[in-house]
Structures are given as structure tokens and as C-alpha cells.
Amino acid sequence: MATTTSRTAGAAEFVPEGADLAALRRAATGCRGCELYKPATQVVFGSGPETARLVLVGEQPGDVEDRQGEPFVGPAGRLLDKALDEADLAREGVYLTNAVKHFKFVPAERGKRRIHKTPTRGEVVACLPWLRAELARVRPDLVVCLGATAAKAVLGSSFKVSERRGRVERVEDQDVIATVHPSAVLRAPDRDEAYRGFVADLRVVRAHLG
Ligand code: SF4
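Rules used throughout
Residues numbered from 1 in each chain as written. Predicted model: local features only at pLDDT ≥ 70, side-chain atom pairs only at ≥ 80, totals over all residues. Heavy atoms only, no water. Axes fitted to C-alpha atoms, helices over the stretch in contact; angles between N-to-C directions. Helix = DSSP H or I, 4+ residues; strand = E, 2+ residues; numbered from the N terminus. Left-handed = near helix turned anticlockwise from the far one by under 90°. Contact = heavy atoms within 4.5 Å. Nonpolar A, V, L, I, M, F, W, Y, C, P; charged D, E, K, R; others polar. Near = heavy atom within 4 Å.

1. Examining the packing of helix α4 (residues 121-138) against helix α5 (residues 148-155)
A pair of packed helices can be characterised by two numbers: the angle between their axes and the separation between those axes.
Step number 1: Where α4 contacts α5, the two axes come as close as 10 Å, and the packing angle between them is 65°. When you trace α4 past α5, the crossing you get is right-handed. Contact residues: α4 offers Arg 121, Val 124, Leu 128 and Leu 131, while α5 offers Thr 149, Lys 152, Ala 153 and Val 154.
Step number 2: Residue composition of the contact of α4 with α5, by class: five nonpolar, one polar and two charged.

2. Side note on the site of the ligand
Step number 1: Residues in contact with the ligand, as listed here, are Ala 11, Cys 31, Gly 33, Cys 34, Tyr 37, Val 100, Lys 101, His 102, Ala 126, Cys 127 and Trp 130.
Step number 2: Each residue belonging to the shell around the ligand can be placed in one class, and the counts come to eight nonpolar, two polar and one charged.

3. Remarks on unusual backbone geometry
Step number 1: Look at Arg 139: it is not a glycine, yet its phi comes out positive at around 50°.
Step number 2: The topology assignment puts Arg 139 in the loop between α4 and β5 (142-146).
Step number 3: A positive phi angle is found at Glu 172, which is not glycine, with a value near 45°.

Shown next, in the form of C-alpha cells:
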């Protein structure tokens, strides 16, 4: 996984050692490892069984997730559910989380809408101790990085999803595969084609799990 070199203080001092997922989730509510906690509604920690064989890592919570406090419950989450189902992967058996645990946004020029803003490398690195702690606890057979932010967090900053998606990589004794983020499928000019590619990558995941 990417090394921890950050200009922000980082989450490390807030992560309790040896804690289970429930204790990690509680501790994350008090994280001040970077500035993103300030405008966000709440922390959105990972969700799913500690025995999951599969961990999916997205970028950060979106607007709906920030309000509800759970990952992948907005439009991208609905698309993910459908794709997981088509690839014969049950969401109940998957641990879902994000590389960054607070929603980063800018207010829309008009109205109350909040526009997603990509986290900086420093913010991603600051938040990495939480993802490391989740992975150490779940110890999945496979980690799936959804989109560039998650892939760079786990596989290194030079990783390019467009060139290496859908291939199982080995990083620090962990099998990892990268694909696109479901929100990128929603935004794609040819959504059907993007969706087919996403499901094809998830079928590689299914085959790898056996
Ligand atoms: S984004 Fe991560 S490091 Fe920053 S305050 Fe939230 S939980 Fe802590």
C-alpha cells in the first residue's frame, strides 16, 4: 500500500490498536486527522461483515452517504448493487468502505446542492491508517479498488486504472484488483458500455474467489 508521507497530521493517532471493526468505527467519529471532518455531516466508516472475503474500496462518501452515515447508499451504490448481483457477488458478504472517510465537497453556486470534490493526495494519505486497520481486521481474500483514488491509495500513486483494470495484482501479501468507480459508469458518455466493462471486471473478482 502507498507509504505514509503527508503534510497533514493524519489519522494514525486516532486509530486504536488491535480494535475490532465496531471499535474502529466508533473511534473514527473523533478523527481530526485532516480538515475534511469540519464541513462534513459525519464520518462514513466501512460497513459489512468482519468475515468478508471481499473488500470494496471507493473514493469517499458522496452527498447521500454523508447524510446517512453509510457507504454506497446513493445512486452509485445502487448501480454497484446491480453490478454485484450480475457478477454473482452478494453485497451482504462484502465489506464496503472508502479510501477517505469524510465527504469533500464544494457548495453549488445556486441552491443547497453540494458538489463532490476529489480529495487531494495529502487527504488520502492522511486517511490511510483507517483503511489499513480495516484491512488488517477483515483480512480479505481480495481487495477491489473502485476508481483511481482508491487504486492509487492501495497500489501506489503511479497506478493507472485505465491501463491495469481487471487484473489481480499482489501488494504486500494482499491480492488487489482495480476497476472503475460506479459513479464513473453513471457519468460515462456510453453508460451501457461502461457498465458492461464494470461487470466484466467484477466477474474476474468472482472467478478469483472461486
Ligand atoms: S477524512 Fe479521514 S483523516 Fe480526515 S478527518 Fe476524516 S477520517 Fe480523519
